[in-house]
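Take a look at the letters that make up each chain.
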Amino acid sequence: MQSCAITTYVSNMLSRQPEDARINSLLRTALLANAIYSAASGLAALIFASGLSGALLTLGAIAGISTAVVLGSIGAGLVAFAIFVGWVARNPVSRRGLVILITVLDTAWVVLAAGLLGLTGQAFTNTGVIVVIATAIPVGLFAVVQMAALTSWRSPAAR
């Protein structure tokens, strides 16, 4: 049911403008939302790493490294990712390969989140499980919209 609503939204978005402009607009919107979400998540992880690590994880350390350091490192990576995604969003159609890379990374994030919960769910507090799921859902939606727009885009040679 949810994917039908997403598909309908993407179809409506794509049908309102000329093809190149529609796809560029949809990709730009999805990528900018992705960048903003990634930056906000990353900054929250960086700023509140100490407090969040205890609230989200039952472990004091992962492979001998403090969970606050692990969470802060993830936050820094997300901020760097957000900057990259924002840069790609400035002209996504001409950077198609990079949009594919971003979409693959988004998909990997969702798969990793599911795997972490499945394999090490006991390492998370109840709040941690909710945060992991709540973080994976928008990232998965970004990947779906980005891929839908990319599959709608045809190279000039294919027209």
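Higher on the page you've got the structure.
The secondary structure content of the protein chain amounts to six helices and two strands. A total of 159 residues make up the protein chain; the buried ones form 35% of that total. Carbon and sulfur atoms provide 71% of the accessible area of the protein chain, an area that totals close to 8700 Å².

The complete set of buried residues in helix α3 (residues 49-56) reads A49, S53 and L56. Projected onto a plane normal to the axis of α3, the buried residues spread over an arc of 85° and lie on a single side. The exposed residues of α3 that point more than 90 degrees off its buried face are S50, G51 and G54.

Once that is clear, we can look at the nonpolar core. Membership of the largest hydrophobic core comes to 16 residues, with the highest contact counts inside it found for L27, L31, V85, V99 and I102. Counting residues per element, this core draws most heavily on helix α2 (residues 19-47), at six residues. Those residues within four positions of L31 in sequence are excluded, and the remaining contacts are V85, V88, A89, P92, V99, I102 and Q146. Grouped together as the second largest cluster of nonpolar side chains are nine residues, A45, A49, L57 and F124 included.

For L57, the position within the fold is in the loop between α3 and β1 (61-62). Measuring from C-alpha to C-alpha, the distance between L57 and L71 comes to 10.0 Å, with 14 residues separating the pair along the chain.

Turning next to the packing of α3 against helix α4 (residues 67-89). Interaxial distance between α3 and α4 falls to 8 Å at its minimum, and their mutual angle equals 110°. The pairing of α3 with α4 is recorded here as roughly perpendicular in orientation. Viewed along their axes, α3 and α4 form a crossing whose handedness is right-handed. For the pair α3 and α4, contact is made by A49, S50, L52, S53 and L56 and by T67, A68, L71 and G72, respectively.

Another aspect to go through is a nonpolar patch on the surface. On the surface, L43, L46, I47 and F48 cluster together into a nonpolar patch covering about 400 Å² of accessible area. On the secondary structure map, F48 appears in the loop between α2 and α3.

Attention now goes to the packing of aromatic side chains. For the structure on display, the rule yields two aromatic pairs. Over the face of the ring belonging to W87 we find R95, whose NZ or CZ atom lies 3.9 Å from the ring centre.

Attention now goes to the side chain of D106. Within the element layout of this structure, D106 appears in helix α5 (residues 96-120). Within the buried set, D106 has no salt-bridge partner at all; the shortest N-O distance to an opposite charge, 15 Å, is to R96. Those residues in contact with D106, other than ones at most four positions away along the chain, are N34, F81, V139, F142, A143 and Q146.

With respect to the helices and strands, S41 occurs in helix α2. The exposure class of S41 is partly exposed, given its relative accessible area of 22%. Each C-alpha atom of the pair S41 and A82 lies 9.6 Å from the other, and the pair is 41 residues apart in sequence. Only 2.9 Å separates the side chain of S41 from the backbone oxygen of Y37, close enough to count as a polar contact.

Cut-offs used in this document
Residues numbered from 1 in each chain as written. Predicted model: local features only at pLDDT ≥ 70, side-chain atom pairs only at ≥ 80, totals over all residues. Heavy atoms only, no water. Helix = DSSP H or I, 4+ residues; strand = E, 2+ residues; numbered from the N terminus. Buried < 20%, exposed > 50% of the residue type's maximum accessible area, 1.4 Å probe, protein only. Areas by Shrake-Rupley, 256 points an atom, 1.4 Å probe, with all protein chains shown as cover. Arc of directions from axis to C-beta. Core = buried A, V, L, I, M, F, W, Y, C linked by side-chain atoms within 4.5 Å. Contact = heavy atoms within 4.5 Å. Axes fitted to C-alpha atoms, helices over the stretch in contact; angles between N-to-C directions. Parallel < 35°, antiparallel > 145°, perpendicular 65-115°, else oblique. Left-handed = near helix turned anticlockwise from the far one by under 90°. Patch = residues over 30% accessible without salt bridge, like charges linked within 9 Å, V, L, I, M, F, W, Y side chains within 5 Å. Salt bridge = Lys/Arg side-chain N within 4 Å of Asp/Glu carboxyl O. Phe/Tyr/Trp six-rings, centres within 6.5 Å; stacked < 30°, edge-to-face > 60°. Lys NZ or Arg CZ within 6 Å of the ring centre and 35° of its normal. Lys, Arg positive; Asp, Glu negative; His and termini not counted. Polar contact = N/O pair within 3.5 Å; in protein donor to acceptor, adjacent residues only side chain to side chain.

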